[in-house]
Amino acid sequence: MGTDKLGTILDRRSIRRFTDQKIDHEVITQLLDAAMHAPSAVNKQPWHFIVIDRRQLMDKIMEIHPHAGMFRTASHGIVVCGDESLQHDDGYWVVDCGAATQNLLLAAHSLGLGACWVGLHPREGRKAAFTTLLDLPSHVKPFALVALGYPGEKKTRADRFHPDKVKSNGWGEPYYH
Ligand SMILES: Cc1cc2nc3c(=O)[nH]c(=O)nc-3n(C[C@H](O)[C@H](O)[C@H](O)COP(=O)(O)O)c2cc1C
């Protein structure tokens, strides 16, 4: 499905193995700029980003998160955090941070990097562990961790277009016959 104009979106896959090339500071800034261009409710931009490039901290992350083994080879991590005091209304920070996280992943792919979303929200135990690890104030909630680096594995485009997921003008009628 799709055309090559949509390659950034259609070819993005989770990358969990990286080369030992480190990502430059300027490239990290480009990723953050892309993340901050995400839509947010009433344009509140209720997010903060914590850049992780310290090996010791990545080792700690692998200890406290059961599915973060890709930090063995990652160059950087970025923790996307929501700010309850900035959000439009209760619960919006989660949606806004989701959009920012996806922008980050797409920007990484577009720049030739590999990335993987490592889930924090909605698991309260993981959020508490990262709140302690990163010394976050109480109004700032860790949402997701993105592992980043230059790809050390290749992945192909997945086929995920499912016509049966689409309805026409209400639940009862399929859009595709
Ligand atoms: C909310 C969320 C949490 C995720 N958590 C993890 C994780 O903890 N560890 C991991 O390796 N991948 C994680 N992933 C990545 C998914 O496994 C991956 O996106 C999915 O299998 C589809 O593969 P793709 O990203 O290559 O298209 C997470 C993705 C999302 C959206």
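Read on for a plain summary of the structure. Every chain begins its residue count from 1, and numbering advances along the sequence as written. The model is predicted, so local features are restricted to residues of pLDDT at least 70 and side-chain atom pairs to those at 80 or more, both for listing and for counting; the totals for chains, interfaces and linings are taken over all residues. Neither water nor hydrogens contribute to the side-chain values; these are computed over all heavy atoms in the structure.

**Some words on the site of the ligand**
- For this purpose, a residue is taken to be near a molecule or strand whenever a single non-hydrogen atom of the residue falls within 4 Å of it. Arg12, Arg13, Ser14, Arg16, His65, His67, Met70, Cys116, Trp117, Val118, Gly119 and Arg160 make up every residue found near the ligand.
- We call two N or O atoms a polar contact when they sit within 3.5 Å, provided that within protein one can donate a hydrogen and the other can accept it, with sequence-adjacent residues counted only if both atoms are side-chain atoms. Arg12 is positioned such that a nitrogen or oxygen atom in its side chain is 2.9 Å from an oxygen atom of the ligand.
- A distance of 3.0 Å separates a nitrogen atom of the ligand from a polar atom in the backbone of Gly119.
- The Shrake-Rupley method, run with a 1.4 Å probe, gives the accessible areas here. Residue values count only the displayed protein chains as cover. The protein chains hide 64% of the 620 Å² of surface that the ligand would expose on its own.
- Per-class residue counts for the shell around the ligand are four nonpolar, four polar and four charged. Side-chain classes are defined by residue name, with Ala, Val, Leu, Ile, Met, Phe, Trp, Tyr, Cys and Pro counting as nonpolar, Asp, Glu, Lys and Arg as charged, and the others, Gly among them, as polar.

**A few points about the sheet that holds strand β3 (residues 114-119)**
- With respect to topology, four strands assemble into an open sheet ordered β1-β2-β4-β3, the strand pairing being antiparallel. Here the strands that pair on one side only, and so sit at the sheet edges, are β1 (47-52) and β3. Strand-to-strand twist across the sheet, computed as the mean angle between neighbouring axes with direction ignored, equals 25°.
- Following DSSP output, two strands are said to pair if at least two bridges run between them. Counting from the N terminus, the helices are the DSSP runs of H or I reaching at least four residues and the strands are the DSSP runs of E reaching at least two. The sheet contact formed by β1 and strand β2 (residues 76-83) spans six bridges and is antiparallel. Bridged to Phe49 within β2 is Val80.
- Two residues qualify as a contact provided that any one of their heavy atoms is within 4.5 Å of a heavy atom in the partner residue. In this analysis an axis means a line fitted to C-alpha atoms, helices contributing only their contacting stretch, and an angle means the value between N-to-C directions, from 0 to 180 degrees. Contacts from helix α2 (residues 25-36) reach β1, β2 and β4 (140-149) within the one sheet, and its direction differs from that of β1 by about 160°.

**A few points about the environment of Glu153**
- Counting through the fold element by element, Glu153 comes out in the segment after β4.
- Considered as a pair, Glu153 and Val166 are 13 residues apart in the sequence and their alpha carbons are 33 Å apart.
- The contacts of Glu153, once residues within four sequence positions are left out, are Ser14, Ile15, Arg16 and Arg17.
- Side-chain polar atoms of Glu153 contact the backbone nitrogen of Arg16, separated by 2.6 Å.
- Of the polar contacts made by the side chain of Glu153, one reaches the backbone nitrogen of Arg17; its length is 3.4 Å.

**Describing unusual backbone geometry**
- For the bond from His121 to Pro122, the omega torsion is 10°, close enough to zero to count as cis.
- Mapped onto the secondary structure, Pro122 falls in the loop between β3 and α5 (124-134).
- Backbone geometry places Val42, a non-glycine residue, at a positive phi of 55°.
- Even without a glycine there, the phi angle at Asp135 is positive, about 60°.
- Within the secondary structure layout, Asp135 lies in the loop between α5 and β4.

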